[in-house]
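A look at the structure
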Amino acid sequence: MMSWLHLLSALAAATATTTTIEPGAPVVPEDAEILQLEKERYERLTLPVTIQGKGPYRFMIDTGAEATVVSTALADTLQIADRRPATLVGMASTVATETVDIAEFMLGSRSLYIRTAPLVAAEHLGGMDGILGLDSLQDQRVLLDFENKVLAVADAEDLGGNRGFEIVVKARERLGQLIITRAELDGVETTVVIDTGAQSSVGNLALFERLRRGRDLGESQLTDVSGYQLSGPVRVAKDLSLGRLLLRNIPVLFIDAPPFRALNLADKPALILGMRELRAFRRVAIDFKKRQVLFDLPRGVYPLDRVYGGRIGA
């Protein structure tokens, strides 16, 4: 199993240089789980959950984490005693831990049964009680509405389908992750993983070796969910293309991180795309059921095919 959380040092934010014709207002049904986005220490996306009728507790939504993670302190408070050994893969480490089952896990009005939730020391969670991972998001769409500062979790059709999104990028599923295979970073074919738990973007060493340009920003350090650290070079990539979408000036930290090996992405160029880049858009929707990532571009900016004419990408 794997679950990882990225805590990166502050880097320059990326800017979207191709964005959209103004779409209609976002459509969110009354029965969707609408949760205010709180501006936390690392600009994390946190939301309240209740467990066994107690709480609310603060959990971060992390589309890069395979499993929902709970702090050891919270498990002790809730007197969850049935624990089993497991291995936790973090961005900088692979460590032994324990897992628990959590009944009566409530996200808004949705009742979930969380199986094999890894336990992590509270001091490594930055003041949060846990992480909401992919095991609780399957068959759902996660809508990150940065303009209105809300997070919605619901069925895609209940959230208005694809209406209002200028860019729809197809993805493949691997270990629960949505992986975009048709992307290029500075002309290098790159596999991209969208990760709301990463504050900035992380590239593997195969990608670093293929890149021949980019402004160096020196070294930076990453601390993972288990408290282990890795450091590596930071380089500013000029262009990232995802189908019809183009991003520019993206700082990327390059490290030999265990998740790339866990996803079988260690030997070919791969990039974990983080929140600093996602926040360049008005809205981003991650649809696990339909295996799509949708982007609602900033006002007055157009997708590549409207700038240059014709169809670009798939």
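Everything below is about the structure printed above this text.
Analysis parameters
Residues numbered from 1 in each chain as written. Predicted model: local features only at pLDDT ≥ 70, side-chain atom pairs only at ≥ 80, totals over all residues. Heavy atoms only, no water. Helix = DSSP H or I, 4+ residues; strand = E, 2+ residues; numbered from the N terminus. Buried < 20%, exposed > 50% of the residue type's maximum accessible area, 1.4 Å probe, protein only. Polar contact = N/O pair within 3.5 Å; in protein donor to acceptor, adjacent residues only side chain to side chain. Contact = heavy atoms within 4.5 Å. Salt bridge = Lys/Arg side-chain N within 4 Å of Asp/Glu carboxyl O. Core = buried A, V, L, I, M, F, W, Y, C linked by side-chain atoms within 4.5 Å. Pairing = 2+ DSSP bridges. Phe/Tyr/Trp six-rings, centres within 6.5 Å; stacked < 30°, edge-to-face > 60°. Lys NZ or Arg CZ within 6 Å of the ring centre and 35° of its normal.

On to the side chain of N204, then. Structurally, N204 can be placed in the loop between strand 19 (201–203) and helix 2 (205–210). Under the relative-accessibility criterion, N204 is labelled buried at 2%. A distance of 2.9 Å separates the side chain of N204 from the backbone nitrogen of L207, its partner in a polar contact. Setting aside its immediate chain neighbours within four residues, N204 contacts F254, I255, F260, L265, A266, K268, P269 and A270.

What the rule picks out here adds up to 10 salt bridges. The salt bridge partner of D287 is R141, with a shortest N-O separation of 3.0 Å. A residue pair is termed long-range when its members are at least 10 positions apart, and D287 in strand 24 (residues 283–287) and R141 in strand 11 (residues 141–145) qualify at 146 residues. The same class applies to D287 and to R141, which are both buried. Between D256 and R261 there is a salt bridge, with its nearest N and O atoms 2.9 Å apart.

Attention shifts here to the side chain of D195. With respect to the helices and strands, D195 occurs in the loop between strand 18 (191–194) and strand 19. A polar contact is formed between the side chain of D195 and the backbone nitrogen of G197, at a distance of 2.8 Å.

A few words now on the nonpolar core. Among the nonpolar cores identified, the biggest contains 59 residues, and F59, I102, F105, V192, L240, L242 and F295 are the most heavily contacted of them. Setting aside residues no more than four positions away along its own chain, F105 makes contact with V49, T50, I51, F59, T68, R110, S111, L112, I114 and L132. With 16 residues, the next largest nonpolar core counts A92, A198, L253 and F260 among its residues.

Glancing now at the pairing of strand 8 (residues 94–107). Relative to strand 8, strand 4 (residues 46–51) runs antiparallel, the two sharing two bridges. When the sheet's bridge partners are listed, I51 is paired in strand 8 with F105. Here strand 7 (residues 84–89) runs beside strand 8; their pairing, made up of six bridges, is antiparallel. When the sheet's bridge partners are listed, A86 is paired in strand 8 with T97.

To continue, consider the packing of aromatic side chains. Each aromatic ring pair is specified by the distance between its two centres and by the angle formed by the two planes. With the rule as written, the count across this model stands at three aromatic pairs. With centroids separated by 5.0 Å and ring planes inclined at 55°, the aromatic side chains of F208 and F254 adopt a geometry described as tilted. Residue F208 is found in helix 2, and its partner F254 is found in strand 22 (residues 245–254); the two are separated by 46 residues along the sequence. Residue F254 is classed as buried on the basis of its relative accessible area, which comes to 2%. Ring plane angle 50° and centroid distance 4.9 Å describe the contact between F281 and F295, whose orientation is recorded as tilted. One end of the pair, F281, is in the loop between helix 4 (275–278) and strand 24; the other, F295, is in strand 25 (residues 292–296), with 14 residues separating them in the sequence. By the burial criterion, F281 is buried, and F295 matches it. We note R283 situated over the ring of F165; from NZ or CZ to the ring centre the distance is 4.1 Å.

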